[in-house]
Amino acid sequence: AGGAPGLESLLSQLRREPTDEQDVAAKFAMYETYGQEVERMRTQVFAFYDDNRAELPAAVAQDMARQLERIDSGAAMGIPDQTRDWFVYHMMKQAEKNNRAMSRVLEGFGRKLELLANSEQVECPICLEPFGPQREAETLGCCHCVCGECWDHWAMLMNGRPFCPLCRYDAFMDVIASHAANSDTAAPASTEWRTTAPTLTTITSDGRSCLSVMMCGMRRLWDGRRANR
């Protein structure tokens, strides 16, 4: 995908290396000017993160930090080693790509802060129980919340690679339905909560199995979704 028409025109001028030294200097200066704009964008993105990091939930801060690492990754800095085009052309093209990526990151950061500030989520999207002193909310990197108990079970069910059940609602429903069809939901009477690694039949703090809690939440979510159609 290309950038703005003006930048596309500039890139076309940089594709072939000039033979005149003054032309080389002038076109390299164009790249340097644009590079300064990109550097200002980078400074703005990192400053935005630094200014808000202390007040962010841990998972949100970690997600933002991973995005910042990608900005300075080798892939974001490299240009082709062997090419018939002038190296300045590829430098400009990469700078433009990085600029668009940083703009998206900055917009995403802004949306996260807005979501955190305006969140009205009062219950866990997995068990659908209200948050409170006995069921504390755990904020995910996407800024949605789940209760810690359900998140532990969901992480176990997904082999340590859980995803937000609100951001990926349909995938969440599919996973739970699939496991419900293939799992025995009856828990051994002797099982104690958190005495061993959680399983689908582990008893939760209110006496229900992990899968039972998830299935209950899934049914209520599905009923609510059908009612809104």
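Sequence order as written defines residue numbering, which begins from 1 separately in each chain. For a predicted model such as this one, the threshold for reporting local features is a pLDDT of at least 70, and the threshold for listing and counting side-chain atom pairs is 80 or more; totals across whole chains, interfaces and linings nevertheless cover every residue. Water and hydrogen atoms were dropped before computing side-chain values, which therefore reflect all heavy atoms in the structure.

For the protein chain, the name recorded in an unreviewed UniProt entry is RING-type domain-containing protein, with Pyrodinium bahamense as its organism.

Let's talk about the overall build of the protein chain
Helix numbering and strand numbering both begin at the N terminus, where a helix is a DSSP run of H or I of at least 4 residues and a strand a DSSP run of E of at least 2. Scanning the protein chain for helices and strands turns up eight helices and two strands. Out of the 229 residues belonging to the protein chain, those deemed buried represent 36%. In the protein chain, of all internal contacts separated by at least 6 residues, the share reaching a separation of at least 24 is 57%. Exposure is judged per residue with a 1.4 Å probe applied to protein chains only, and the accessible area is read against the type maximum: over 50% gives exposed, under 20% gives buried, and values in between give partly exposed. Residue contacts are counted whenever heavy atoms from the two residues lie within 4.5 Å of one another.

Some points on the packing of helix α2 (residues 21-52) against helix α5 (residues 87-118)
Note on geometry: axes are lines fitted to C-alpha atoms, helical ones only across the stretch in contact, with angles between N-to-C directions running from 0 to 180 degrees. Interaxial distance between α2 and α5 falls to 9 Å at its minimum, and their mutual angle equals 25°. Here α2 is positioned roughly parallel relative to α5, judged by the angle of their axes. The hand of the α2/α5 crossing is left-handed. Per-class residue counts for the contact of α2 with α5 are 19 nonpolar, five polar and two charged. Any angle that is under 35 degrees is reported as roughly parallel, and any over 145 degrees as roughly antiparallel; angles of 65 to 115 degrees are reported as roughly perpendicular and all others as oblique. Two helices that cross are described as forming a left-handed crossing if the nearer one is turned anticlockwise from the farther one by less than a right angle, and a right-handed crossing if clockwise. Ten residue types, Ala, Val, Leu, Ile, Met, Phe, Trp, Tyr, Cys and Pro, are classed as nonpolar, four, Asp, Glu, Lys and Arg, as charged, and the remainder, Gly among them, as polar.

With respect to the packing of α2 against helix α3 (residues 58-71)
With their axes 11 Å apart at the nearest point, α2 and α3 run at an angle of 160° to one another. Classified by the angle between their axes, α2 and α3 sit roughly antiparallel to one another. Both α2 and α3 take part in a crossing whose hand is left-handed. Facing Arg42, Val45, Phe46 and Tyr49 of α2, the residues of α3 in contact are Ala61, Met64, Ala65, Leu68 and Ile71.

Some thoughts on unusual backbone geometry
The phi torsion at Leu128 lies on the positive side, around 60°, for a residue other than glycine. Note that Leu128 resides in the loop between α5 and β1 (137-139).

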